[in-house]
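Inside the fold
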Amino acid sequence: MKKSPFRRCLAALLAGASLALAPWIAGAQPAAGDKPIRMVVPLAAGSTVDAVARAIGPSFGKATGHPVVVENIVGAGGIPGTTQIVKSPKDGLTVGMISSNHVINPGIYKTVPYDSLKDITPIAVIATVPLVLVAHPSVPAKNVKELIALAKAKPGTLNYGSAGNGSTLHLAGELLVSEAGIEMKHVPYRGTGPLVTDLIGGQVQLGFVSVSQVAAQVKAGALRALAVSTPTRSAALPDVPTLAEAGVPRYSFDAWIALIGPAGLPKNVIEAYSGAMKTALASPEAQNAIAGQGLMVLDTGPDAAPAFFQSELAKHQKLVKQSGATLD
């Protein structure tokens, strides 16, 4: 019996839909030339996160079969950009390359228009950003134990700078103050550039900064590296001990970079993108960018990433509360 025109049309539509969905259902990748993936970076162009996104983007795009377009949406600690990520369609065509600011913002800003856990799909935690505690050469302490002794002998006379109230660099300093049982004055700056300039000039005495931003100054003797914040030493400064080695045994702190999507991404999209990220991270472009930024690669996929986010949120919220920092 012949099909009616309506049934023939319906059958054709269903067949077309099945073909369009088949690559995702089967776990394969869409064909090249499909719609681009919009990779939102909620931080400024030239930042560490932006550099990693742009280095990884081409290889990630090749692995997924979609071209990748990196888009910077700046302001308010990354909140505007992240808002666009969480409100995007759940089709995998919008993802976000975010930093640990994501778990700081709920404690420091009075209002955040999304839930930092419930409104995202963690895909991969890509890398950590080791920080180094540096001092201007005029500070008499040559190591962390001497610094702690000096701070205890003269409470509140030492100061440390950061990239701003509630920034990762501020919280790294706050954790040191807490774990070492010392008092130091916090000096917030508007970004890392001015902080590094004043550290070199001696206008501020101490500060945590990403290893890549001050490794050259440390090697030139313009700054003294006392310790790195991570549990393991940095390959860029192999002779600098960790804070745990240097006398603060429970200290461990780093910034990090992660790939997320909006909540509710289909499981096969998550798995495809997780695999694509592993491939991208092995590319020469990504390897060069990671080495150049002094990063440490993590292999935290979608199964372990949610627990990582929960743990980091709890840790950072405790530090924000302890610091008393707030922003409108």
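Residues numbered from 1 in each chain as written. Predicted model: local features only at pLDDT ≥ 70, side-chain atom pairs only at ≥ 80, totals over all residues. Heavy atoms only, no water.

In this approach, a probe sized like a water molecule rolls over the atoms, and the result shows the empty space that is left. According to the stated counting rule, one finds one cavity of 30 Å³ or more in the structure shown. Empty space within the largest cavity amounts to approximately 70 Å³. Lining the largest cavity we find P42, L43, G77, G78, T82, M97, I98, S99, N101, H102 and N105. Put simply, the parts of the chain that give the lining of the largest cavity at least two residues each are β3 (94–99) and α4 (101–108). Here the lining of the largest cavity is composed, by residue class, of four nonpolar, seven polar and no charged. (1 Å grid on protein atoms, 1.4 Å probe; cavity = no way out; pocket = protein on both sides within 12 Å on 5 of 7 lines; lining within 4 Å. Points joined across faces, edges and corners; volume = space filled by probe spheres on them. Helix = DSSP H or I, 4+ residues; strand = E, 2+ residues; numbered from the N terminus. Nonpolar A, V, L, I, M, F, W, Y, C, P; charged D, E, K, R; others polar.)

Overall, mixed pairing links the five strands, which are arranged β7-β6-β8-β5-β9 in an open sheet. Edge positions in the sheet fall to β7 (185–188) and β9 (224–228), since each of these pairs with one other strand and no more. Strand-to-strand twist of the sheet, defined as the mean angle between neighbouring strand axes without regard to direction, takes the value 30°. On top of the sheet, helix α6 (residues 168–180) reaches β5 (131–135), β6 (159–162), β7 and β8 (206–210); it is set at about 150° to β6, its chief contact. Lying over the sheet, helix α7 (residues 192–201) contacts β5, β6 and β8, oriented at roughly 130° with respect to β8. (Pairing = 2+ DSSP bridges. Axes fitted to C-alpha atoms, helices over the stretch in contact; angles between N-to-C directions. Contact = heavy atoms within 4.5 Å.)

Here the focus is unusual backbone geometry. With a phi close to 45°, A76 is a non-glycine residue in the positive phi region. For A76, the position within the fold is in the loop between β2 (68–72) and α3 (79–86).

With 69 residues, the main nonpolar core has L176, L206 and Y251 as its most contacted residues. With seven residues, the top contributor of residues to this core is α6. Apart from the residues lying within four places of it in its own chain, the contact partners of L206 are L133, V134, A135, L147, L158, N159, Y160, G161, M184, L199 and L226. Residues I37, L43, L259 and L265 belong to the second largest nonpolar core, which totals 34 residues. (Core = buried A, V, L, I, M, F, W, Y, C linked by side-chain atoms within 4.5 Å. Buried < 20%, exposed > 50% of the residue type's maximum accessible area, 1.4 Å probe, protein only.)

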